[in-house]
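Each chain is listed here by its residues.
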Amino acid sequence: MSMTLSGLDEARAIHGRFGRLTDAPASVVLVGARVVDPGAGVDEVRDLAIVDGVLRPAEDAPAGIRRIDARGLVAIPGLCDLHTHLREPGGEGAETIESGTRAAAHGGFTTVCAMPNTDPPLDEEARVAWVAGLGRSGASRVRVVAAVTRGRAGETLTDAAALAALGVVGFSDDGAAVPTARLTRAALSALRPLGLPLMEHAEDPGLAAGTVMRAGPIASRLGLPGWPPSAELIVVERDIALAEETGARLHLTHLSTAAALEAVRRAKGRGVRVTCDVTPHHLALTDAWVAGDRSFSWERPGPIAADPFGVALEPGTAYDGRTRVNPPLTTREDALALLAGVAEGSVDAIATDHAPHPPQRKLVELAAAAPGLIGLELALSLGIAAVDAGRITLPQLVAALSTRPGALIGEERSLAIGATAELTLVDPAARWRVTPEALASASANTPLLGRELPGVVRLTVADGRVTWDGLVAMEGRGEAIS
């Protein structure tokens, strides 16, 4: 069943069928799928039925129901992204809730958490309700992360209780840390009785100001101002101390350094209510990509990574604005340490930090490029590449992309009989090429363009509805239907 998308298929990879959360519940039988449900400790080959949006024993499926030959495919609980930038309101030229939720469904996500750094920011009830309302008819569930300070200005706290009543899942000024310990402590104290986390972008602005990539030998070789890992660690340790003192929940997003992860490990050992996520690009890509290297962290380092001053730069890929992200791409050593943290569970989740930008904001000089990469349609593939490399197992990957992030926002994800279907069906051996035409996102800002990756999502079912059906084009050729 596995195949490589090429030619016309490659250019039309997204031309399946998208659905909405408002569609009728689905009914389908998956025949011979590998079912991986880490929350239940399940990893077995069996038939799985969805009847009117609910998981049922395959033998109970009514006659005439659609049957999919799922041999070689893997059924997993639907993915949950804790960190998505949908850009609406204010940034519709890069992404909209419509296009962003389609990108999510295309990447296997059934829930995305919309971050508040929109224009205007999501800091008041009407805006939060508006985004949540638009999300209800999208291709994936939209949960809102509200701003922790008004205007994300770092001065006055938002009305956390009023926003919590609307169902927000956390508070953040993502793009910037809460600026002072005093205000951070006040925020944590306000959030504790609500049971909601402060989702902190851990970065000291004084140390990070004016930097464009990770500090180190490669930054020196390129002559670029470097972002020191202490910029992250200082805020991580400050916030952990305040969370320990207040008893509040703290979630540290897009961690990028082994030192910060070690601080989280120690805090968890003391019983601090702290969790963290890392991004796919901080696991797979390294600071050497800024210099033109294109090897993944788990691969043998390219010549630039091995000896930055010993070889000439590749003129076609060095200083690529598409490699600029915040926090910056990290060293190979840190990337592998973070990946080991995913495997052992000290990293609670893989979150995409999906940050779409139009070409005019990325295809410019590196220092002028807007920081951020798309990730919703790349996360699962990069994770499967790490599985193929032997760095993590498939159940460990699924736990980090699905069940654990879901639990952090109060969404149980299970493939147990009787549960509403939240399911992603993926072909881990199929390969696809990353091109703008192969993406459902309105933006294509990633240095992975042109790269072939493993893992093709064939079906996404959210709240019992089919929101992405990548099997449609295959059915006519008899490749996926029994």
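Residues numbered from 1 in each chain as written. Predicted model: local features only at pLDDT ≥ 70, side-chain atom pairs only at ≥ 80, totals over all residues. Heavy atoms only, no water.

A. Expanded view of the side chain of E422. Looking at the secondary structure, you find E422 in the loop between helix 15 (394–408) and strand 17 (423–433). With near-sequence residues (within four places) excluded, E422 lies in contact with I76, P77, G78, T110, R141, R413, L415, V461, A462 and D463. (Helix = DSSP H or I, 4+ residues; strand = E, 2+ residues; numbered from the N terminus. Contact = heavy atoms within 4.5 Å.)

B. Highlighting the confidence of the model for the protein. This prediction gives the protein a mean pLDDT of 94; 95% of its residues lie at or above 70. In this model, residues 1–12 is a region of pLDDT below 50 whose contacts with residues beyond four sequence positions or in other chains number 27 contacts. Predicted confidence for residues 476–482 stays below pLDDT 50, and this span has 16 contacts to residues more than four positions away or in other chains. (pLDDT = per-residue confidence, 0-100.)

C. Representation of the packing of helix 9 (residues 258–269) against helix 12 (residues 332–344) within the structure. Taken N-terminus to C-terminus, the directions of helix 9 and helix 12 make an angle of 30°; their axes are 9 Å apart at the nearest point. By the angle class used here, helix 9 and helix 12 are roughly parallel. Across from A258, L261 and R265 in helix 9, the residues of helix 12 making contact are D334, A337, L338, G341 and E344. (Axes fitted to C-alpha atoms, helices over the stretch in contact; angles between N-to-C directions. Parallel < 35°, antiparallel > 145°, perpendicular 65-115°, else oblique.)

D. Quick look at the packing of helix 5 (residues 181–191) against helix 8 (residues 230–246). The geometry of helix 5 relative to helix 8 is characterised by a closest axis approach of 10 Å and an angle of 40° between their N-to-C directions. The orientation of helix 5 relative to helix 8 falls into the category oblique. You can see that helix 5 and helix 8 cross each other, and the crossing is right-handed. In this structure, helix 5 contributes A181, T184, R185, L188 and S189 to the contact, and helix 8 contributes R238, D239, L242, A243, E245 and T246. Its residues placed into classes, the contact of helix 5 with helix 8 shows four nonpolar, three polar and four charged. (Left-handed = near helix turned anticlockwise from the far one by under 90°. Nonpolar A, V, L, I, M, F, W, Y, C, P; charged D, E, K, R; others polar.)

E. Quick look at the pattern of salt bridges. Per the counting criterion, the structure on display carries 31 salt bridges. Linking E237 and R266 is a salt bridge whose minimum nitrogen-to-oxygen distance equals 3.8 Å. On the criterion of sequence distance, the pair formed by E237 in helix 8 and R266 in helix 9 is long-range, its members being 29 residues apart. Linked through salt bridges whose partners overlap, the residues forming this network are R141, R143, E411, R413 and E422. (Salt bridge = Lys/Arg side-chain N within 4 Å of Asp/Glu carboxyl O.)

F. Representation of helix 8 in the model. For helix 8, built from 17 residues, the straight-helix expectation of 24 Å at 1.5 Å per residue is met to within 8% by its first-to-last C-alpha distance of 24 Å. For helix 8, every residue scored as buried is listed here: A231, E232, V235, V236, R238, D239, I240, L242, A243 and T246. Taken from the residues just after helix 8, G247 is the one with a positive phi, measuring 75°. (Expected span 1.5 Å × (residues − 1). Buried < 20%, exposed > 50% of the residue type's maximum accessible area, 1.4 Å probe, protein only.)

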